[in-house]
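# Structural overview for review
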Amino acid sequence: MTTLGTLYGYAASIVACVAFGSFAVPIKSEAARRIDVDPLGTSNCLQSFVFRRILFVLWKVSHSLYCIVALLRSLFVGAL
Amino acid sequence: MIVLQTYKIGICFITSWLVLAFGVPFTFTPWGFVSGLFMVPGGTAGYFAVRNAGLAVSQGIWSSLKVLVAFGWGIFVFQEPVRSKFGTGVAVAFMMAGLAGMSYFAAPSRKQEEGNDDDDDEHDVEREDNFAMTAGEPLLSMARSMTRNDSLSTLSDAESLFTSPQPSNQEEEVVLGCLNHFQLGVLGAIIDGAYGGSVFVPMHYARSTDTQGLAFVLSFAIGCSTVVSVIWVLRFLFYVQRTQSFSEGFQSLPSFHITTIGPSAVLAGLIWSVGNVSAIFSVARLGQGVGYSIVQSQLLVAGLWGVFYYREIRGRRVVTSWFLFACVTVMGILLLSLEHVPEIA
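Residues numbered from 1 in each chain as written. Chains lettered and ligands numbered in written order. Predicted model: local features only at pLDDT ≥ 70, side-chain atom pairs only at ≥ 80, totals over all residues. Heavy atoms only, no water.

## Considering the overall build of chain A
As a reminder, the rule being used: In this description a helix means any DSSP run of H or I spanning at least four residues, a strand means any run of E spanning at least two, and both kinds are numbered starting from the N terminus. Each residue's exposure class comes from its accessible area (1.4 Å probe, protein chains only) as a fraction of the maximum for that residue type: buried when under 20%, exposed when over 50%, partly exposed otherwise. With residues, only the protein chains shown are counted as cover, and all accessible areas are computed by Shrake-Rupley using a 1.4 Å probe.
Tallying secondary structure elements over chain A gives four helices and zero strands in all. Going from the N terminus to the C terminus, chain A shows its helices and strands as α-α-α-α. The buried share of chain A, taken over its 80 residues, is 41%. Total accessible area computed for chain A in this model is approximately 4,500 Å², and 75% of it derives from carbon and sulfur atoms.

## Topic: the overall build of chain B
To keep things clear, this is the line we draw: Working rule for contacts: check all heavy atoms of both residues, and any pair within 4.5 Å makes them a contact.
When helices and strands are counted, chain B shows 16 helices and two strands. A sequence separation of at least 24 residues applies to 76% of the contacts in chain B between residues at least 6 apart. Total accessible area on chain B is roughly 14,300 Å²; 65% of this is exposed by carbon and sulfur atoms.

## Topic: the environment of Lys 85 of chain B
All names here are of chain B. Within the secondary structure, Lys 85 sits in helix α4 (residues 85-105). With relative accessibility at 44%, the residue Lys 85 sits in the partly exposed group. For the pair formed by Lys 85 and Leu 338, sequence separation is 253 residues and the distance between their alpha carbons is 12 Å. Not counting chain neighbours up to four residues away, the residues in contact with Lys 85 comprise Ile 75, Phe 76 and Gln 79.

## Brief notes about the packing of helix α1 (residues 4-22) of chain A against helix α15 (residues 298-309) of chain B
The line we're drawing: Note on method: axes are straight lines fitted to C-alpha atoms, helices fitted across the in-contact stretch only, with angles between N-to-C directions ranging 0 to 180 degrees. Note on terminology: angles under 35 degrees are roughly parallel, angles over 145 are roughly antiparallel, angles of 65 to 115 are roughly perpendicular, and the others are oblique. Handedness of a helix crossing follows the sense of rotation of the near helix relative to the far helix, less than a right angle counterclockwise being left-handed and clockwise being right-handed. Three classes are used: nonpolar for Ala, Val, Leu, Ile, Met, Phe, Trp, Tyr, Cys and Pro, charged for Asp, Glu, Lys and Arg, and polar for all others, with Gly counted as polar.
Between α1 of chain A and α15 of chain B, whose axes approach to 7 Å, the crossing angle comes to 50°. Taken together, the axes of α1 of chain A and α15 of chain B lie oblique to each other. The crossing of α1 of chain A and α15 of chain B is right-handed. Between α1 of chain A and α15 of chain B, the residues in contact are Cys 17, Val 18, Phe 20, Gly 21 and Ser 22 of chain A and Gln 298, Val 301, Ala 302 and Trp 305 of chain B, respectively. Looking at the contact of α1 of chain A with α15 of chain B residue by residue, the classes come out as six nonpolar, three polar and no charged.

## Quick look at a nonpolar patch on the surface
As a reminder, the rule being used: Only residues whose relative accessible area exceeds 30% and that form no salt bridge are eligible for patches; like-charged ones are grouped when within 9 Å, while nonpolar side chains (Val, Leu, Ile, Met, Phe, Trp, Tyr) are grouped when within 5 Å. Throughout this description, the term salt bridge denotes a Lys or Arg side-chain nitrogen within 4 Å of a carboxyl oxygen of Asp or Glu.
A cluster of nonpolar side chains, contributed by Trp 17, Leu 20, Phe 26, Phe 28 and Phe 33 of chain B, occupies part of the molecular surface with about 430 Å² of accessible area. Position of Phe 28 of chain B relative to the elements: it lies in the loop between α1 (2-16) and α2 (31-53).

## Topic: the confidence of the model for chain B
Residues and elements named next belong to chain B. Short version of the rule: Known as pLDDT, the predictor's confidence for each residue is given on a scale from 0 to 100.
Looking at chain B, pLDDT values average 75 and 75% of them are 70 or higher. The spread of mean pLDDT over the elements of chain B runs between helix α8 (residues 154-163), the lowest at 32, and helix α12 (residues 216-243), the highest at 89. Below pLDDT 50 for its whole length, residues 115-168 participates in 122 contacts with residues either more than four positions away or in separate chains. The ipTM value of the predicted complex is 0.73, and its pTM value is 0.71.

## Some words on the side chain of Ser 16 of chain B
Checked against the element boundaries, Ser 16 of chain B lands in helix α1. Residue class for Ser 16 of chain B comes out buried when judged on its relative accessible area of 2%.

## A few points about helix α16 (residues 316-339) of chain B
This is how the line gets drawn: To estimate the expected span of a helix, subtract one from its residue number and multiply by 1.5 Å.
With 24 residues, α16 of chain B extends 35 Å from end C-alpha to end C-alpha; this agrees with the ideal 34 Å at 1.5 Å per step. Those residues of α16 of chain B lying buried are Val 318, Ser 321, Trp 322, Ala 326, Thr 329, Gly 332, Ile 333, Leu 336 and Glu 339 of chain B.

## Observations concerning the state of the cysteines
By definition, a disulfide links the sulfur atoms of two cysteines through a covalent bond. To be explicit about the condition: Two cysteine sulfurs form a disulfide in these notes if their separation is within 2.5 Å.
Taken as a whole, this structure holds zero disulfides over all chains when the rule is applied. This cysteine, Cys 327 of chain B, is not joined by any disulfide, and Cys 17 of chain A carries the nearest cysteine sulfur, 16 Å off.

## Considerations on unusual backbone geometry
Residues and elements named next belong to chain B. The backbone of Gln 244 sits at a positive phi, close to 60°, despite the residue not being glycine. Looking at the secondary structure, you find Gln 244 in the loop between α12 and α13 (246-251). Judged by relative accessible area, which is 66%, Gln 244 ranks as exposed. In this structure, His 257 takes a positive phi of about 50° despite not being glycine. Among the secondary structure elements, His 257 is positioned in the loop between α13 and α14 (262-295). Under the relative-accessibility criterion, His 257 is labelled partly exposed at 21%.

## Describing the packing of aromatic side chains
All names here are of chain B. Defined as follows: For this analysis, a ring pair means two rings from Phe, Tyr or Trp (six-membered ring only for Trp) whose centres lie within 6.5 Å, classed as stacked if their planes differ by under 30 degrees, edge-to-face if by over 60, and tilted for the remaining angles.
With the rule as written, the count across this model stands at 21 aromatic pairs over all chains. Aromatic pair Phe 38 and Tyr 195: ring centres 5.6 Å apart, planes at 75°, arrangement edge-to-face. Taken as a pair, Phe 38 in helix α2 and Tyr 195 in helix α10 (residues 181-196) lie far apart in primary sequence, 157 residues in all. Aromatic side chains Tyr 104 and Phe 105 sit 5.0 Å apart centroid to centroid with 90° between the ring planes, which places their arrangement in the edge-to-face category. Through pairs of rings, three or more aromatic residues link up here, namely Trp 31, Trp 73, Phe 78 and Tyr 205.

## Section: the packing of α2 of chain B against α10 of chain B
Residue and element names in this part refer to chain B. Contact pair α2 / α10: the axes reach a minimum separation of 7 Å and the direction vectors enclose 150°. Of the possible angle classes, the one that applies to α2 and α10 is roughly antiparallel. In this structure, the crossing between α2 and α10 has a hand that is left-handed. When α2 is examined against α10, the residues Leu 37, Phe 38, Pro 41, Gly 42, Gly 43, Ala 45, Gly 46, Phe 48, Ala 49, Asn 52 and Ala 53 are found in contact with a partner set consisting of His 181, Phe 182, Leu 184, Gly 185, Val 186, Gly 188, Ala 189, Ile 191, Asp 192 and Tyr 195. Grouping the amino acids of the contact of α2 with α10 by side-chain chemistry returns 13 nonpolar, seven polar and one charged.

Right, here's the structure in full:
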């Protein structure tokens, strides 16, 4: 049987879909499209050797986070 | 990209305090930082993916991967109750196929193939920009606009790799380890999908405290704001290192264009914040596997904007194919909701 909480959950999902699918629409205004936000800057950073190193470190850190979470979970499940 | 991220996350941070008005007590969990670490670098990796592997392939990979990752966390890691794991897997497969199909048929090359009534380059670029925005990712549009101004238009080159059997030298060039531009872009899309599908996973681990559900909104906003701030600092240091001057490094930071895009970006941030709170609520009620997977159907709404409002997806065959895959996605959502087992209060 569907509970009220579940129905709220589905309603929230629909609202989230509509909001996430539409939030970029205001940025499509003419004023926003006429200018280039952050021209070339991010491009240069992203293409730079330094950024690639940062990306690599972030990747390693995130991977470690995954491993820690998995380890904690296995320990937690094992303790039970 | 960082400017729009800052607007988005900044508005999210400001509005997140409104949950206190709804009787949610102020609580904070460091797991919010973990969410921020998933979200902000994930978005950056998505940007990187578009620049190097192209829009269609990147979006197809990350949108379907987010569903798969959320499903994996919910069903296999958290053991969320479903009527049948097989049935849920089938539903997720429908959603993944639908999302990938929608991405494919909304891709600029498909549009140009069918709706080639205006051939000049300017219009083509404009249509590509439109698609990028309706895809729900302003950073994609940013990638486009930067490509237009960048003499090294890696995005266009990477996309031509998809349509042309002979990749250019630039894409074949090994840039990191043994990976070339295109492979690096695919890796970026995979990282975005893996991270994006894991954004609300930390909320599960905060369940033992009072920080679950709407109460997690504050922790999430604080975590994401901190990560964005760190990125600004890193960027500032990057410019300082490059210019060997603190003042020049500061002046090299991008402008917020407050008077021009400010109002639009704030409104976009507000809409995104509503989506974010709803997504957190949805995951709290329906679980990671069902709730977050359904939220990923945002591509459907973005595509509908493209079809009916901006008229970017043109040509009868392309539009029909897009709707066919949209139906597959909706079927996946319906199947997934049928598999959900409501919690007994």
